[in-house]
Amino acid sequence: MIVMKFGGSSVADAGRIRSVVEIVKERLVERPVLVLSAMGDVTDYLLQAAEKALCEGPASVGKSVEFLTGIHQDVIGGLDLDAGRSLAPGGGFRGGAPREGGSVRRRKPSQAVPEMVYAGWSEGVRQRGSRGFPSFYKPFDESRAIDEIETLLEELAALIAGISLIRELTPKTKDYLVSFGERLSARIVATYFNKAGVRAAPLDAWDAGIVSTGDFTAAEPAAECWANIPAAILPLVEAGVLPVVTGFIAKCYAETDDRANPAAGDITTLGRGGSDLTATLIAASCRAKEAQVWKDVDGVLTADPRIVEGARPVEAITYDEAAELAYFGAQVLHPRAMRPCMEAGVPVLVKNSYNPDAKGTRISGEAAVGATPVRAVTSKKNVTLVDIVSTRMLGQSGFLAEVFALFAAHNISIDVIATSEVSISLTLDGERDLAGLCKNLRRIADIEVKTGKAIVTIIGDVSRSSEILARAFTVCAYLGITVEMVSHGASKVNISFIVNGADAPSVVQALHKGFFEGELVRAR
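Below is a short write-up of the structure. Here the residue numbers are simple positions, counted from 1 along each chain's written sequence. Local features in this predicted model are restricted to residues whose pLDDT is 70 or higher, and side-chain atom pairs enter the listing and the counts only when it is 80 or higher, whereas totals over whole chains, interfaces and linings include all residues. Neither water nor hydrogens contribute to the side-chain values; these are computed over all heavy atoms in the structure.

1. What to know about the pairing of strand S21 (residues 494-500)
Counting buried residues in S21 gives six out of seven residues, a clear majority hidden from the surface. At least two DSSP bridges between two strands are needed for those strands to be called paired. For helices the rule is a DSSP run of H or I covering at least 4 residues; for strands it is a run of E covering at least 2, with both sets numbered from the N terminus onward. By the bridge criterion, four bridges tie strand S20 (residues 485-488) to S21 in an arrangement that is antiparallel. Looking across to S21, one finds that His488 is bridged to Ile495. We call a residue buried when its accessible area falls under 20% of the maximum for its residue type, exposed when it is over 50%, and partly exposed in between, using a 1.4 Å probe and counting protein chains only.

See below:
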């Protein structure tokens, strides 16, 4: 079994969905499970519709609903689902609100559609077992599938209309709102799979066993997921059915003790990297062969291609290396999304849905045999450097704790840190108002704040740190660039140093040439 996750750009339109179907069909022998994001920029459009509803009131609803309906109508028509049946507002919406009696039109099942497994749709189709997940399958019917999509669109219209009337958008409502993107995407893609002859069942994340805490917009998967997901997913896979699961969303679980959970049953979102987290959680709990994350790049690259023209995919990196790359600006999996696979030892493969023949990058617990000492070079711009100097540090316990407590009191997170006997140098992400923090810090130390800096990070085998540092500082000396701070990460896979923001691109380019393109430089 494998888990294949496709992001929004991979399912942005009918053409991209066809490509995804072909990619998956070539891997059916590996018994895939599919995880999907919303199509293209639909999540952003949903949030924009809500903002318009808040600011402009009911007058904005009709246009927003028509626009969102049109996006999905174009895809349905482009895939020729149910003969391109119209979902236009005139057919189901009036001024953005559901018409009286709803718009679901019941039809006789198409005789042309083969007997295929059908699961996950509403209106009494599901029978729920003791765990509360789908266990009933019936022949797939394309018309009924489009009915369900239409019903979701009407529910969405009613929600946007409600936001426009009460002029309120709480985190709970926002999660409910954005969930429609994934739910519509999964149903449209599953319907097309069935049309293409692949038995597929669309599953909302909670029907796939994914439950979460009640932290709206940033929920965490609950421990129950590890038992629930295999119970929901594996019977489908063993029956030869392709589960098509919504990424990014979940439902808040009900507590098992006597305490009431006011958020129980509410839709939540899993926050940053949520769709990737859905995929890795399924892969880890089901002990899959691997989790494949399909993006629009050929894998994890040796550098940002916008900075380094010769950036190329890395064949293999470790979980720790991938986490450090993500922390320091590389567009890889978010570290929290890798956590389930790290715990279960399940590899993650990053692939390109626009170039499926590219080998991609494998992320696992072991480094590639014969790998170069450096895997990648990355940078993070708009960094603030804070130097804290005090003779009180010398031999005095508790000084560092006092400094960090002040940062915590001002809710400021520290990125990179280096210390000596009497000083601390640390970096903060972005520019911010530090007046209050500095006022408190100056009671115990001298403070200097420098803005416009950048962190340049070398990810690799730091057991060879002497070699890496020698070459890196030779590059900086050759360029005439002053390094203002150095940090050797506790993870033992990164070396970071601080330079002026304007110098970072040339440093990254020169380091890449030295480590990956064979262009060695010597100090002047």
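There is more to say after this.
2. A short note on the sheet that holds strand S7 (residues 200-203)
Spatial strand order, S7-S9-S2-S1-S12-S14-S15-S13: eight strands in an open sheet with mixed pairing. Single-partner strands in this sheet number two, and they are S7 and strand S13 (316-318). Neighbour-to-neighbour, the strand axes of this sheet turn through a mean angle of 20 degrees, independent of strand direction. Pairing between S7 and strand S9 (residues 242-246): four bridges, direction parallel. Counterpart to Ala200 in the pairing with S9 is Leu242. Whether two residues are in contact is decided by their heavy atoms: any pair within 4.5 Å suffices. In this analysis, axes come from line fits to C-alpha atoms, helices being fitted only over the stretch in contact, and the angle between any two N-to-C directions falls in the range 0 to 180 degrees. Packed onto the sheet, helix H8 (residues 274-285) meets strand S1 (2-6), strand S2 (32-36), S9, strand S12 (290-295) and strand S14 (348-352) and runs at close to 175 degrees relative to S1.

3. Some points on the side chain of Ser212
Assignment of secondary structure puts Ser212 in strand S8 (residues 211-212). You can call Ser212 buried: its relative accessible area is 0%. The residues touching Ser212, leaving out its near neighbours within four places in the chain, are Ala219, Glu220, Pro221, Ala222, Ala250, Lys251, Cys252, Tyr253, Thr268 and Leu270.

4. Here we look at unusual backbone geometry
Positive phi, close to 55 degrees, is recorded for Arg287, a residue that is not glycine. With respect to the helices, strands and loops of the structure, Arg287 is situated in the loop between H8 and S12. Here Arg287 falls in the exposed class, since its relative accessible area comes to 56%.

5. Observations regarding the pairing of strand S16 (residues 374-389)
Within S16, 13 of the 16 residues are buried, leaving the element largely enclosed by the surrounding structure. Alignment of S16 against strand S19 (residues 446-460), held across 12 bridges, turns out to be antiparallel. Following the sheet pairing, Ala376 is matched in S19 by Ile459. One ladder, built from seven bridges, connects S16 with strand S18 (residues 423-429); its direction is antiparallel. Each residue of the ladder has a partner; that of Thr384, found in S18, is Leu428.

6. Let's talk about the packing of aromatic side chains
By convention, a stacked pair of Phe, Tyr or Trp rings (six-membered ring in the case of Trp) has centres within 6.5 Å and planes under 30 degrees apart, an edge-to-face pair has planes over 60 apart, and any other such pair is tilted. Evaluation of the coordinates by the stated rule reveals four aromatic pairs. Here the aromatic rings of Tyr45 and Phe67 are separated by 5.0 Å at their centres, their planes lie at 80 degrees, and the arrangement is edge-to-face. With Tyr45 in helix H2 (residues 42-56) and Phe67 in helix H3 (residues 61-78), this residue pair connects regions lying 22 residues apart in the sequence. Phe67 sits in the partly exposed class, given a relative accessible area of 45%. Taking 5.9 Å as the distance between ring centres and 40 degrees as the angle between the ring planes, the aromatic pair formed by Phe473 and Phe497 counts as tilted.

7. Observations concerning the pattern of salt bridges
We define a salt bridge as a side-chain nitrogen of Lys or Arg found within 4 Å of a carboxyl oxygen belonging to Asp or Glu. For the coordinates displayed, the defined rule picks out 20 salt bridges. Across the salt bridge formed by Glu220 and Arg336, the nearest N and O atoms sit 2.9 Å from each other. Placement of Glu220 in the loop between S8 and helix H7 (225-238) and of Arg336 in helix H10 (residues 335-344) is noted, with a sequence separation of 116 residues between them. Glu220 gets classed as partly exposed once you look at its relative accessible area, which sits at 32%. The partner of Arg375 in a salt bridge is Glu321, with the nearest N and O atoms 3.2 Å apart.

8. Considering the environment of Val3
Positionally, Val3 belongs in strand S1. Residue classification places Val3 among the buried residues on the basis of a relative accessible area of 0%. Linking Val3 and Val33, residues 30 residues apart in sequence, is a C-alpha distance of 4.7 Å. When neighbours within four sequence positions are excluded, Val3 is seen to be in contact with Val33, Val35, Ala279, Ile282, Ala283, Ala288, Glu290, Ala291 and Gln292.

9. A short note on helix H9 (residues 319-327)
Counted residue by residue, H9 has seven buried out of nine residues, so it is predominantly covered. Buried residues of H9: Tyr319, Glu321, Ala322, Ala323, Glu324, Leu325 and Ala326, and no others.

10. Looking at the packing of H2 against H3
The interhelical angle for the contact between H2 and H3, taken along N-to-C directions, is 170 degrees, at an axis separation of 10 Å. In terms of axis orientation, H2 runs roughly antiparallel to H3. For the crossing formed where H2 meets H3, the hand is left-handed. Seen from H2, the contacting residues are Val42, Tyr45, Leu46, Ala49 and Lys52; seen from H3, they are Ser64, Phe67, Leu68, Ile71 and His72. Residue composition of the contact of H2 with H3, grouped by class: seven nonpolar, two polar and one charged. Throughout this description, any angle smaller than 35 degrees is read as roughly parallel, any larger than 145 degrees as roughly antiparallel, any in the 65 to 115 degree range as roughly perpendicular, and the remainder as oblique. By convention the crossing between two helices is left-handed if the near helix lies anticlockwise of the far one by an angle smaller than a right angle, and right-handed if it lies clockwise. Gly is put with the polar residues, along with every residue not named as nonpolar or charged; the nonpolar set is Ala, Val, Leu, Ile, Met, Phe, Trp, Tyr, Cys and Pro, and the charged set is Asp, Glu, Lys and Arg.

11. Here's the deal with helix H6 (residues 171-195)
Counted at 1.5 Å a residue, the expected span for H6 with its 25 residues is 36 Å, and the 37 Å between its end C-alpha atoms agrees. Positive phi shows up at Gly197, right after H6, with a value of about 90 degrees. Helix span, expected: 1.5 Å multiplied by one less than the number of residues in the helix.

No statement about biological role is implied by the geometric values presented.
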